[in-house]
Amino acid sequence: MDAFDVLEVDPDADEAEIDRAYRRRVMETHPDQGGSVRAFQRVKAAYEAIVDGQVDGDGSDESAEEDRDGATRPDGSRVEYLNYAVIDDRNWSLDDDDLFEKAAAADLDPADYGEFLAEPSETLLQAAENRGFAWPYACRGGACANCAVAVVDGEMTMPIDHVLSSEMLDRGIQLSCIGAPTTAELRIVYNVKLMPDLDDLILPPYRFERARSVD
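All of the points below concern the structure found in this document.

Scoring rules and cut-offs
- Throughout, a residue's number is its position along its own chain's written sequence, starting from 1.
- Totals for whole chains, interfaces and linings use every residue, but because this is a predicted model, local features are given only for residues with pLDDT of at least 70 and side-chain atom pairs only at 80 or more, for both listing and counting.
- The basis for every side-chain value is the complete set of non-hydrogen atoms in the structure, without hydrogens or water.
- Numbering of helices and strands starts at the N terminus; helices are DSSP runs of H or I of at least 4 residues and strands are runs of E of at least 2.
- Here, two residues are considered to be in contact whenever any of their heavy atoms come within 4.5 Å of each other.
- For this analysis, a ring pair means two rings from Phe, Tyr or Trp (six-membered ring only for Trp) whose centres lie within 6.5 Å, classed as stacked if their planes differ by under 30 degrees, edge-to-face if by over 60, and tilted for the remaining angles.
- By the criterion adopted, a ring carries a charge over it if an Arg CZ or a Lys NZ lies within 6 Å of its centre and within 35 degrees of its normal.
- Only strands joined by at least two bridges in the DSSP assignment are considered to pair.
- Comment: axis = line fitted to C-alpha atoms, over the contacting stretch for helices; angle = value between 0 and 180 degrees taken between N-to-C directions.
- Whether a residue is buried, partly exposed or exposed follows from its accessible area with a 1.4 Å probe, protein chains only, as a fraction of its type maximum: under 20%, in between, or over 50%, in that order.
- Take the buried Ala, Val, Leu, Ile, Met, Phe, Trp, Tyr and Cys residues and link them wherever side-chain atoms come within 4.5 Å; each set so joined is a nonpolar core.

## Here we look at the environment of Ala-21
Piece 1. Positionally, Ala-21 belongs in helix α2 (residues 15-29).
Piece 2. C-alpha of Ala-21 to C-alpha of Phe-4: the two residues are 17 residues apart in sequence and 9.6 Å apart in space.
Piece 3. Excluding residues within four positions of it along the chain, Ala-21 makes contact with Leu-7 and Val-9.

See below:
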């Protein structure tokens, strides 16, 4: 089965049709919705193969995968996080130079503000979940903006992007489900799916809880 068959789309489909097909297939095959990890990964690989121009065989793209895995990663990244809901409630702004200083002085719940260490092998979303937090997500495949974060300081890398506009990327918006820190220090605002600009990129969540810590 080739990549187009996996996505259930015609080989002559345009970019918009392929993106829509990918988002639909991600939802259909996601393990949280009764699919399997193998099927979900096959859909991701097929999409990446098509956008990379490698569509033979089963849709895999080994050279692209090597490039993605070869991204420079620090030994670990200290992630300082802030919930966008707090910013919205307090009429703060993402553009405030002292945003995190305000948060540090506000005695916020650990679910809304704090820090943790992300390991080199983890995406940002995985790192948060592995430390007891429940950040919003939907597809886990980079096909929506439910898991989006705003990078305030530091850098992240994403292996693919077919959702965010260049303007959003310029503003530091990244997808935590596929993005990973590439600097030793990272400041991010999570839950930015609440921003009006992202309304059209949100999928019905498979799970959404107000972020909380198990500690």
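## Things to note about the packing of aromatic side chains
Piece 1. Inspection of every chain in the model, using the stated rule, returns eight aromatic pairs.
Piece 2. Through a chain of ring-to-ring contacts, the aromatic side chains of Tyr-81, Phe-116, Phe-133, Trp-135 and Tyr-190 assemble into a single cluster.
Piece 3. Positioned over the ring face of Tyr-137 is Arg-140, at 4.2 Å from the centre of the ring.

## Notes on the sheet that holds strand β3 (residues 148-153)
Piece 1. As summarised here, the arrangement of the five strands in space is β2-β1-β7-β3-β5, forming an open sheet in which the pairing is mixed. Sheet topology places β2 (113-118) and β5 (173-175) at the edges, where each strand pairs with a single neighbour. Ignoring which end each strand starts from, the neighbouring axes of this sheet average 35 degrees apart.
Piece 2. Relative to strand β7 (residues 185-190), strand β1 (residues 77-83) runs parallel, the two sharing six bridges. Looking at the pairing, Asn-83 lines up with Tyr-190 of β7.

## Some remarks on unusual backbone geometry
Piece 1. We note that Glu-8 has phi near 60 degrees; this positive angle belongs to a residue other than glycine.
Piece 2. With respect to the helices, strands and loops of the structure, Glu-8 is situated in the loop between α1 (3-7) and α2.
Piece 3. For Glu-8, a relative accessible area of 48% corresponds to the partly exposed category.

## Points about the nonpolar core
Piece 1. Formed by 46 residues in total, the largest nonpolar core has its most connected members in Leu-82, Phe-116, Leu-124, Trp-135, Ile-188, Val-189 and Val-192.
Piece 2. Where this core is concerned, the elements lending two or more residues are β1, α5 (84-89), α6 (99-105), β2, α7 (124-130), β3, β5 and β7.
Piece 3. Not counting chain neighbours up to four residues away, the residues in contact with Val-189 comprise Leu-82, Asn-83, Tyr-84, Ile-87, Leu-94, Leu-99, Phe-100, Val-149, Ala-150 and Val-152.

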